[in-house]
Amino acid sequence: MNAAPADQIRLLDLQAIDSKLDQLAHRRRTLPEHAEIDKATADHTALRDLVVAAQAQQGDTARELTKAEQDVDQVRTRFARNQQRMESGAVGSAKDLENLQHENESLAKRQSALEDVVLEVMERLESAQTRVTELTARLEHSDVVVKEAVGRRDAAFAEIDAEAAKVARDREAVAVVIPADLLKLYTRLREQQGGVGAARLYQRRCEGCRVEFAITDLNAIKAEPKDAVVRCENCGRILVRTADSGI
Ligand SMILES: [Zn+2]
């Protein structure tokens, strides 16, 4: 393949631009915010599960409290009814009065025991409410952490994308003047060779693979016509001779 030396040098400009675009794409993929967002999102999901569990616990305990309070009310109502009957004088028999008296003594003990239950459940309900409040605050904070990291990622994206768009316009201007066959070869080699399709010959080395040429190889390259498209024997990349190639 032949190409004018100026077009071969333009290929180096294109290579520099493509490398820049690759760097920008790499930076976009490897932003530290990606890991931050993953971590913050996982934390947020875990906290949401904890809040749901804590709310369920709070609901269960609230129902338990209602039940315990109803138990106390039942005993209190029965106690009051017995008391009223005893005081009304409607109960004539001493035996019945005694029975009512006994029942109220045991009801009073039962009420006291049930009130202890109510207090114990109230304490648990308070703990459950505190836990819901704390976890909800942490959940809200984790939401802020996620949004903040997403915001920083998107700002970085916008910056990178704007720069990439500008570089892509530069690329268009350079690529349009390079002969199609040379561009095609460069594109193929770039795909095969980790993003570098054209390299400068500089100080006896291929700048693509860094291999140093022996004098005989260098002389062979020197003997090639100026418009020959030379390939590096080692890596196969297009080897571009410039004014400072030293040959
Ligand atoms: Zn090479």
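In case you missed it, the structure is sitting above this.
Note that the coordinates shown come from a computational prediction; the quantities given were computed from them, not determined experimentally.

Enquirer: Kindly report on the pattern of salt bridges, identifying the contributing residues and their values.
Expert: A full pass over the atoms with the stated rule returns 24 salt bridges. One salt-bridge network, in which partners are shared between bridges, spans D18, D22, R171 and R190.

Enquirer: Quick rundown of the packing of aromatic side chains? Include the residues and the values.
Expert: All told, the structure shown has zero aromatic pairs when counted by the stated rule. The ring of F157 has R28 lying over it, and the distance from NZ or CZ to the ring centre is 3.7 Å. Geometry around Y202 places R200 over its ring, the cationic atom sitting 4.0 Å from the centre.

Enquirer: Before we move on, could you go through the coordination of the zinc ion and cite the residues and values that matter?
Expert: The expected angle between donors at a tetrahedral four-coordinate metal is 109.5 degrees. At an octahedral six-coordinate metal it is 90 or 180 degrees. Listed as protein donors to the zinc ion are C206 (SG), C209 (SG), C232 (SG) and C235 (SG); their distances from the metal cover 2.3 Å. Sequence positions of the donors to the zinc ion reduce to the motif C-x2-C-x22-C-x2-C.

Enquirer: I'd like to hear about the sheet that holds strand β1 (residues 198–202), residue by residue, with values.
Expert: What the four strands build is an open sheet, ordered β2-β1-β4-β3; its pairing is mixed. Strands with a single pairing partner mark the edges of an open sheet, and in this sheet they are β2 (205–206) and β3 (230–231). With two bridges connecting them, β3 and strand β4 (residues 238–241) associate as antiparallel partners. Residue R231 lies in a different strand from β4, and its bridge partner there is I238.

Scoring rules and cut-offs
Residues numbered from 1 in each chain as written. Predicted model: local features only at pLDDT ≥ 70, side-chain atom pairs only at ≥ 80, totals over all residues. Heavy atoms only, no water. Salt bridge = Lys/Arg side-chain N within 4 Å of Asp/Glu carboxyl O. Phe/Tyr/Trp six-rings, centres within 6.5 Å; stacked < 30°, edge-to-face > 60°. Lys NZ or Arg CZ within 6 Å of the ring centre and 35° of its normal. Donors = N, O, S within 2.8 Å, 3.2 Å for Na, K, Ca; no water. Pairing = 2+ DSSP bridges. Helix = DSSP H or I, 4+ residues; strand = E, 2+ residues; numbered from the N terminus.

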